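# Observations on the model geometry
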Amino acid sequence: MHTRIAPGIIRVATSRRDNAFLVAGDDGYTLVDVGWAGAPRIILDTVRELGGKPGDIRRIVLTHAHPDHVQGAAELRRRTGAQVLIHGDDLPWLEAGRVSPEGRSGLAGRLLDRLPKLHWTPLSADATVTDGEFVDGADSLRVLHTPGHSPGHIVLLHEPSRTALMGDAVFNRGELALGPAALAADPALRAHSLQRLPHELQAVGFAHGPALTGADVEDFTRFLTGLPGSD
Ligand SMILES: [Zn+2]
Ligand SMILES: [Zn+2]
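The subject of this paragraph is the packing of aromatic side chains. Counted according to the given criterion, the structure contains one aromatic pair. Seen from their ring centres, F206 and F220 are 6.0 Å apart, and the 65 degrees between their planes marks the pair as edge-to-face. Linking F206 in the loop between β14 (203-205) and β15 (212-213) with F220 in helix α7 (residues 217-225), this pair joins segments that are 14 residues apart in sequence. For F206, a relative accessible area of 0% corresponds to the buried category.

This is the structure:
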């Protein structure tokens, strides 16, 4: 199932709870996050429904290296030939095929990461991305480094449509929230990282939960201004 949340941005529901995003560009699509092992088939079906082919996915930008975002990445790269990009601070986990114990602030998170079903096929990145730059080859997507949920977490800002793709920096499961602290690397850093987000957004996409568009974006702005440390 897919929906257009802004001009050139398609939300792909890769499971009942999880989303990836296809961002249309001059040379094809940039995919933001993949999902679990079953996600590549759903993403490729969506590209076909949109009239494209697997090779139209030119690059895969991962918001962070958690299994629900990267488990399908190795397979999707194999099937598309896409370049894989991630922030350097999450690259060691991507290459290890699992989250390191220091990557979760709580014991519950560390225990979960021992489960084989939360591991993935290790893969390397073709390039790393850094704060403030535009994604190479997709010059409409700006990288915002938002550490906290993971050390190398990034939010992607699609400047032409004023859309923010939030990854797990904010969850929208029933209500807007920063998510479970035990699963975050540095919970206290999360709200601080969000202070740099622009406020005049037209749409907001979440890895988990429905997107906000139109007047509903106001809920997101209110959420940001209610966070500790905001003025
Ligand atoms: Zn995550
Ligand atoms: Zn997630």
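Of all the residues in helix α6 (residues 187-194), the buried ones are R190, A191, S193 and L194. Buried residues of α6 fall within an arc of 160 degrees about the axis and therefore sit on the same side. For α6, exposure combined with an orientation more than 90 degrees from the buried face picks out A188 and H192. On its buried face, α6 sits against α7.

Around the zinc ion (ligand 1), the protein contributes the donor atoms H64 (NE2), H66 (ND1), H149 (NE2) and D168 (OD), which lie 2.1 to 2.2 Å from the metal centre. Here the donor residues of the zinc ion (ligand 1) share one chain and are spaced in sequence as H-x1-H-x82-H-x18-D. A separation of 3.5 Å is found between the zinc ion (ligand 1) and the zinc ion (ligand 2), which are bridged by D168. Of this pair, H64 sits in the loop between β5 (57-61) and α2 (67-70) while D168 sits in the loop between β11 (163-165) and β12 (171-173); the two residues are 104 residues apart in sequence, bridging distant segments of the chain. Looking at H64, the relative accessible area reads 0%, which means it is buried.

The rules behind each value
Residues numbered from 1 in each chain as written. Chains lettered and ligands numbered in written order. Predicted model: local features only at pLDDT ≥ 70, side-chain atom pairs only at ≥ 80, totals over all residues. Heavy atoms only, no water. Phe/Tyr/Trp six-rings, centres within 6.5 Å; stacked < 30°, edge-to-face > 60°. Helix = DSSP H or I, 4+ residues; strand = E, 2+ residues; numbered from the N terminus. Buried < 20%, exposed > 50% of the residue type's maximum accessible area, 1.4 Å probe, protein only. Arc of directions from axis to C-beta. Contact = heavy atoms within 4.5 Å. Donors = N, O, S within 2.8 Å, 3.2 Å for Na, K, Ca; no water.

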